[in-house]
Amino acid sequence: MKLQEEINKSEGFGNLDHLANQIVEGFISGMHKSPFHGFSAEFAEHKIYNSGESTKHIDWKLYAKTDKLYTKRYEEETNLRCHVIIDNSSSMHYPRLKTQSLKEYNKIGFSALATVSLMKLLKKQRDAMGLSLYSEDYDYYLPEKGSERHFQLLVHQLEETLKKIPQQRKTETYTYLHQIAEKLKRRSLVFLFTDMFQAEEEEQRLFEALRHLKYNKHELVLFHTFDKEKEIDFEFDETPKRFTDVETGEVIPLYAENVKEAYQKELKEYVKHLSQMCLQYRIKYVPVDIKENFDKILTTYLVERQKFK
């Protein structure tokens, strides 16, 4: 047994599929007052039921009134192709947790659960979904499909991703975004989950890669994922701390209060620049605090789906 590998293993979520069901059911139940309440295929007309057809869409209420069998015909919807990209570098596994639940999860846990929740909505819409995971390598790719078997493959892969905590895994996000862009041959709605932590000199390369993802008329949504309390507000107590770079292993001992103001100023400018660049390149920028609920993710999908023509 390799001890280090055992130490690095996590139990992840107990049941990713079940938890996503809870999230989606709660979201849909709260949509009755929302403009998206009719987001499934809309009813168009009745047609006479022919022997041998599926009974799934028979209007039994109309049968009770007319004693004749009619089926409901629905408006055809343009099937959407959606591809989710998840940054699986070490920084996405912050904070380090042995187990995760709906009450406590880290950035990669949030991204995985949000992704499976999106998959649930995509299934309801009869849309197709694909997935890419990257860290120091292009870890996983599965093209867009809409079958139940495909759905289960994606859930399994995400569950396995959560079970192993990577050690000091850096990533060149731009490298893998270019590779993913080359694989997306047909127009798709692309969701990217990342904390956007990269070296300053890599910033321009990253935006070139994001622009590449926009090629072929793809629509790109960047979910900038972070732990607001720690990574944005820098809320730590006054005792001395040893801050460790999870991607390089570098350790810096300091009092958080001594650098808090400068850190917040620098980060505010970075986020402002990031959102401006996304606006310039027509990328939808969505900041996401992992302590928030998942409604922002799911609502964004519905809004972007309606705009996708």
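Thresholds, definitions, all that
Residues numbered from 1 in each chain as written. Predicted model: local features only at pLDDT ≥ 70, side-chain atom pairs only at ≥ 80, totals over all residues. Heavy atoms only, no water. Helix = DSSP H or I, 4+ residues; strand = E, 2+ residues; numbered from the N terminus. Core = buried A, V, L, I, M, F, W, Y, C linked by side-chain atoms within 4.5 Å. Buried < 20%, exposed > 50% of the residue type's maximum accessible area, 1.4 Å probe, protein only. Contact = heavy atoms within 4.5 Å. Axes fitted to C-alpha atoms, helices over the stretch in contact; angles between N-to-C directions. Left-handed = near helix turned anticlockwise from the far one by under 90°. Phe/Tyr/Trp six-rings, centres within 6.5 Å; stacked < 30°, edge-to-face > 60°. Pairing = 2+ DSSP bridges.

Within the secondary structure layout, Glu148 lies in helix α5 (residues 148–163). Each C-alpha atom of the pair Glu148 and Lys123 lies 8.6 Å from the other, and the pair is 25 residues apart in sequence.

Core analysis: the largest hydrophobic core is formed by 47 residues, its most contacted members being Leu16, Phe191 and Phe193. It is helix α4 (residues 107–124) that provides the largest number of residues to this core, a total of ten residues. If near-sequence neighbours (up to four positions away) are discounted, Leu16 is found in contact with Ala112, Leu113, Val116, Val155, Leu158, Glu159 and Leu162. Residues Ile85, Tyr176, Leu222 and Tyr281 belong to the second largest nonpolar core, which totals 25 residues.

Right, let's talk about the packing of helix α2 (residues 16–29) against α4 for a bit. Contact geometry of α2 with α4 gives a least axis separation of 9 Å together with a crossing angle of 65°. The chirality of how α2 crosses α4 is right-handed. Contacts between α2 and α4 involve Leu16, Asp17, Leu19, Ala20, Asn21, Ile23, Val24, Phe27 and Ile28 from the first element and Ala112, Leu113, Val116, Ser117, Lys120, Leu121 and Lys124 from the second.

Now for the packing of aromatic side chains. Going through the model one piece at a time under the given rule, you end up with ten aromatic pairs. Between Tyr105 and Phe110 the ring centres are 5.9 Å apart and the planes differ by 45°, which places this aromatic pair in the tilted class. Look at Tyr105 and you get buried, because its relative accessible area is 10%. Here the aromatic rings of Phe191 and Phe223 are separated by 5.4 Å at their centres, their planes lie at 45°, and the arrangement is tilted. Linking Phe191 in strand β6 (residues 189–194) with Phe223 in strand β7 (residues 219–226), this pair joins segments that are 32 residues apart in sequence. Each of the two residues, Phe191 as well as Phe223, counts as buried.

Backbone-to-backbone hydrogen bonds join strands into a sheet, with any given pair of strands oriented parallel or antiparallel. Strand order in this open sheet of six strands is β5-β4-β3-β6-β7-β10, and the pairing throughout is mixed. Each of the sheet's edge strands pairs with one partner strand only, and the pair in question is β5 (138–145) and β10 (284–289). For this sheet, the mean angle separating the axes of adjacent strands, direction not counted, is 15°. Pairing geometry for β6 and β7, over six bridges, is parallel. Within β7, the residue paired with Phe191 across the bridge is Val221. Sheet strands touched by α4: β3 (81–87), β4 (128–134), β6, β7 and β10. Its angle to β3, the strand with the most contacts, is close to 170°.

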